[in-house]
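# Tertiary structure, described
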Amino acid sequence: MTLAAPILLTPGPLTTSPRTRQAMLVDWGSWDERFNQLTASVCKQLLAIINGTDTHHCVPLQGSGTFAVEAAIGTLVPRDGHVLVLINGAYGKRLAKICDVLGRRFSTFETAEDQPSTAADVERLLKADSSISHVAVIHCETSTGILNPLSEIAAVIAQQGKRLIIDAMSSFGALPIDAQEVPFDALIAASGKCLEGVPGMGFVFARKAALANAAGNSHSLALDLHDQQAYMAKTGQWRFTPPTHVVAALHEALLQYDEEGGLPARHKRYASNCQTLLDGMAGLGLRSFLPDAIQAPIIVTFHAPKDPRYQFKTFYERVKAKGFILYPGKLTQVETFRVGCIGHVNSIDMHAAVNAIGQALREMEVLDI
Ligand SMILES: *Cc1c(COP(=O)(O)O)cnc(C)c1O
C-alpha cells in the first residue's frame, strides 16, 4: 500500500494506536496463566472506571456489542419480566427487537430522534403500568449522537423500585457514570469504542445480587452471563474460546487510557475533537442535526448538502481518498451523514478531516449547502 491507512471517523471499529495494534502480535493460549491474568486485570480496570468494584461483576463476552446487549437482557430479565424500552434511534429499536426475539414482554416509548427520553416520561409510564419490571435505555444513541439524561432517568427508576439496563456502548469510558450514584442492574459496553481497543468482545457490568438471582433465566447457552461469570470465578478462564488478541489489545489500550489521565482526559480529548469538528463544519456551512445541549461528544450527525450534485457515495469516496472514513446517516426522515469524534484521534486530525470534507465538496462542485 502506498497510502497511509485512513483514519476511521466511525464509532467502532475506530482508529486505534500503533501500540494497541502491536499488542496483537503475540499468540496466547487460553490455558495460559498469563492470559488469565490479562483477563482478570482488564475486568478489574473496567470495574474501576465505573466505581463498581464492590457492587458489580464485570462479565466479558465474546462477540460484538449486540451480543452483550442480548446476553444482558436474556440473563437479567426473568422470563416473566416486562421491559420498558426507551427509543430515540436505531439502537433503541434494536433493544426492543432483542426483547421481541427473546420472547420477553416489552413496551416501547419512542420520542423523535432529536428528543431525549425524560425522567418525567419514565415516571409517568412506570406509574401507569406496575407490571413493568425493567427499563432499558441507550445512554448515547449513536444513530444521531444524542445524549439521554441517564442520572435523572435512573433516579426515577430506583424510586419506583424498578431495574435499569443501560446500553452505554458508545459512551462508556468517555462520559462519567458512577455505579454508586446511578443505580443499575446492567451496563453494557464493548472493547472497540471509547476505550479504543479493537472490536471483538463486549462486557456487562452486572449487579452482583441481580446476577446471583439470574440462574436459568437465559434462553441461550453461549449468551448466559450467569454461567459465564460462574465459570470464570471458578476457573479464571473464559467458558468458551476467548478472543485472545482482542483481550491483549484491550489490556494495552487500558494502560494507555490510564497514562492519558483516565476518563477525564478521554472526555476532554473527545469534547475538543467534537468542538473542532462542529466549528470547522459550520465554517463550511454544514449544519449539525442536534442542538449543542443534547449533542454527546461521540459522533455528530450533519445534514447533507441540498445541492443535487451531492451524493453520499461519491462524497465518501473522495473524503476517503484524502485519508478519512466517514459514516452514512441513519435517519429515516432527513438525509444526513455522520462523523465520529472517538478513537485515537485528536483535534489536529479533526481539523484535517474538515479540510478534506471541504475539498471533496469543492471537487464535486457542491455549492448549495
Ligand atoms: C456500537 C453500538 C452497539 C453495538 O453494536 P455492534 O455492531 O454489535 O458492535 C450497541 N449500542 C450502541 C449504542 C452502539 O453504539
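The coordinates are above.
Overview of the structure. (Residues numbered from 1 in each chain as written. Predicted model: local features only at pLDDT ≥ 70, side-chain atom pairs only at ≥ 80, totals over all residues. Heavy atoms only, no water.)

### With respect to the packing of aromatic side chains
With the rule as written, the count across this model stands at 9 aromatic pairs. A ring pair is formed by Y310 and F315, whose centres lie 5.4 Å apart and whose planes are at 55°; its orientation type is tilted. Side by side, Y310 and F315 carry an identical accessibility label, which is buried. Between F312 and F315 the ring centres are 6.5 Å apart and the planes differ by 65°, which places this aromatic pair in the edge-to-face class. A residue pair is termed a helical-turn pair when its members lie 3 or 4 positions apart in one helix, as F312 and F315 do in helix α11 (residues 312-321) at 3 residues. The class for F312 is buried, based on a relative accessible area of 19%. With a relative accessible area of 0%, F315 lands in the buried category. An aromatic cluster of three or more residues is present, and its members are F302, Y310, F312, F315, Y316 and F337. (Phe/Tyr/Trp six-rings, centres within 6.5 Å; stacked < 30°, edge-to-face > 60°. Buried < 20%, exposed > 50% of the residue type's maximum accessible area, 1.4 Å probe, protein only. Helix = DSSP H or I, 4+ residues; strand = E, 2+ residues; numbered from the N terminus.)

### Brief notes about the sheet that holds strand β9 (residues 186-190)
Spatial strand order, β2-β10-β9-β8-β5-β3-β4: 7 strands in an open sheet with mixed pairing. Strand pairing shows two members of the sheet lacking a second neighbour, β2 (56-62) and β4 (105-110), which therefore form its edges. Sheet twist, expressed as the mean angle between neighbouring strand axes with direction ignored, is 20°. Note: strand β3 (residues 82-87) against β4, 6 bridges, orientation parallel. Residue pairing in the sheet places I87 in a bridge with E110 of β4. (Pairing = 2+ DSSP bridges. Axes fitted to C-alpha atoms, helices over the stretch in contact; angles between N-to-C directions.)

### Observations concerning the pattern of salt bridges
For the structure on display, the rule yields 16 salt bridges. E260 is the partner of R269 in a salt bridge, and the nearest nitrogen-oxygen pair spans 2.6 Å. Between K313 and E317 there is a salt bridge, with the nearest N and O atoms lying 3.4 Å from each other. Taken together, the positions of K313 and E317, both in helix α11 and 4 residues apart, correspond to about one turn of that helix. Given a relative accessible area of 57%, K313 falls into the exposed group. (Salt bridge = Lys/Arg side-chain N within 4 Å of Asp/Glu carboxyl O.)

### Points about unusual backbone geometry
Here the bond from G12 into P13 is cis, since omega is -5°, no more than 30 degrees from zero. Tracing the backbone through its elements, the reader meets P13 in the loop between β1 (7-8) and α1 (18-22). Positive phi outside glycine occurs at N51, with the angle close to 55°. Structurally, N51 can be placed in the loop between α2 (33-49) and β2. The partly exposed category is assigned to N51, whose relative accessible area is 39%. Even without glycine at this site, E365 takes up a positive phi of about 55°. Looking at where E365 falls in the secondary structure, it is placed in the segment after α12 (347-363). A relative accessible area of 48% places E365 in the partly exposed class.

### Quick look at the packing of helix α9 (residues 244-260) against helix α10 (residues 262-284)
For the pair α9 and α10, interaxial distance at closest approach is 7 Å and the crossing angle is 85°. Taken together, the axes of α9 and α10 lie roughly perpendicular to each other. Along the contact surface, α9 presents Q256, Y257, D258 and E260, while α10 presents G262, L263, A265, R266 and R269. Grouping the amino acids of the contact of α9 with α10 by side-chain chemistry returns 3 nonpolar, 2 polar and 4 charged. (Parallel < 35°, antiparallel > 145°, perpendicular 65-115°, else oblique. Contact = heavy atoms within 4.5 Å. Nonpolar A, V, L, I, M, F, W, Y, C, P; charged D, E, K, R; others polar.)

### So, the site of the ligand
Around the ligand, a shell composed of S64, G65, T66, Y91, R94, I138, C140, T142, D167, M169, S170 and K193 is seen. Within the contact set of the ligand, an oxygen atom lies 2.5 Å away from a side-chain nitrogen or oxygen of S64. Between D167 and the ligand, the recorded distance is 2.7 Å, taken from a side-chain N or O atom to a nitrogen atom. Burial of the ligand by the surrounding chains reaches 83%, relative to a free accessible area of 380 Å². Only α3 (65-76) and α4 (90-102) provide two or more residues apiece to the shell around the ligand. Of the residues belonging to the shell around the ligand, the class tally is 4 nonpolar, 5 polar and 3 charged. (Near = heavy atom within 4 Å. Polar contact = N/O pair within 3.5 Å; in protein donor to acceptor, adjacent residues only side chain to side chain. Areas by Shrake-Rupley, 256 points an atom, 1.4 Å probe, with all protein chains shown as cover.)

### So, the sheet that holds strand β14 (residues 336-340)
Strand order in the open sheet formed by 3 strands is β11-β14-β13, and the pairing between neighbours is antiparallel. Every interior strand has two partners, whereas the edge strands, β11 (299-303) and β13 (327-328), have only one. Across 5 bridges, the pairing between β11 and β14 is antiparallel. Along β14, the bridge assignment pairs T301 with R338. Strands β11 and β14 of the sheet are contacted by α10, whose axis makes an angle of about 10° with β11.

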